[in-house]
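Structure assessment
Okay, here's what each chain looks like letter by letter:
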Amino acid sequence: MYIRTDGESWEVEARAGGDAGRSKIYPCPGRQSAEILARAWMDEQSRWQVVTP
C-alpha cells in the first residue's frame, strides 16, 4: 500500500504480488481520505513506513 502526493493531489496505490504483481491506483481528495482508505485495506499488524524516492 502506497500513499503518494505531489503537494496538491493524493492517491493510494494498492499492490499485490510485489514489483511484478498487480496494482491499482485510487485518487483521493486529500490526505485524510487517503489515510482512511489505506488503513481500511491494511492488516492490523501492518506498520506505516515512510518511503521517499
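The structure displayed is predicted, hence computed values, not measured ones.

Cut-off values and rules
Residues numbered from 1 in each chain as written. Predicted model: local features only at pLDDT ≥ 70, side-chain atom pairs only at ≥ 80, totals over all residues. Heavy atoms only, no water. Helix = DSSP H or I, 4+ residues; strand = E, 2+ residues; numbered from the N terminus. Buried < 20%, exposed > 50% of the residue type's maximum accessible area, 1.4 Å probe, protein only. Areas by Shrake-Rupley, 256 points an atom, 1.4 Å probe, with all protein chains shown as cover. Salt bridge = Lys/Arg side-chain N within 4 Å of Asp/Glu carboxyl O. Pairing = 2+ DSSP bridges. Axes fitted to C-alpha atoms, helices over the stretch in contact; angles between N-to-C directions. Contact = heavy atoms within 4.5 Å.

1. Some details on the overall build of the protein chain
- Tallying secondary structure elements over the protein chain gives 1 helix and 3 strands in all.
- Helices (α) and strands (β) of the protein chain occur, in sequence order from the N terminus, as β-β-β-α.
- The proportion of buried residues among the 53 residues of the protein chain is 13%.
- Entry remark: accessible area of the protein chain is about 4600 Å², with carbon and sulfur atoms responsible for 48%.

2. With respect to the pattern of salt bridges
- Applying the stated rule across the entire model yields 4 salt bridges.
- Linking Arg4 and Glu11 is a salt bridge whose minimum nitrogen-to-oxygen distance equals 3.0 Å.
- Judged by relative accessible area, which is 26%, Glu11 ranks as partly exposed.
- Arg4 is the partner of Glu13 in a salt bridge, and the nearest nitrogen-oxygen pair spans 2.6 Å.
- A relative accessible area of 5% places Glu13 in the buried class.
- Arg4 sits in the partly exposed class, given a relative accessible area of 31%.

3. Brief notes about the pairing of strand 1 (residues 2–5)
- Pairing analysis gives 4 bridges linking strand 1 to strand 2 (residues 10–16), with the strands arranged antiparallel. Bridge pairing in strand 2 places Ile3 opposite Val12.
- Hairpin connection from strand 1 to strand 2: 4 residues lie between these consecutive antiparallel strands, with Gly7 at a positive phi of about 100°.

4. A short note on the sheet that holds strand 3 (residues 22–28)
- Read from one edge to the other, the open sheet built from 3 strands follows the order 1-2-3, with strand pairing classed as antiparallel. Each of the sheet's edge strands pairs with one partner strand only, and the pair in question is strand 1 and strand 3. Taking the axes of each pair of neighbouring strands and ignoring which way they run, one obtains an average angle of 25° across the sheet.
- Each of strand 1, strand 2 and strand 3 is contacted by helix 1 (residues 31–41), which is oriented at about 15° to strand 2, the strand it contacts most.

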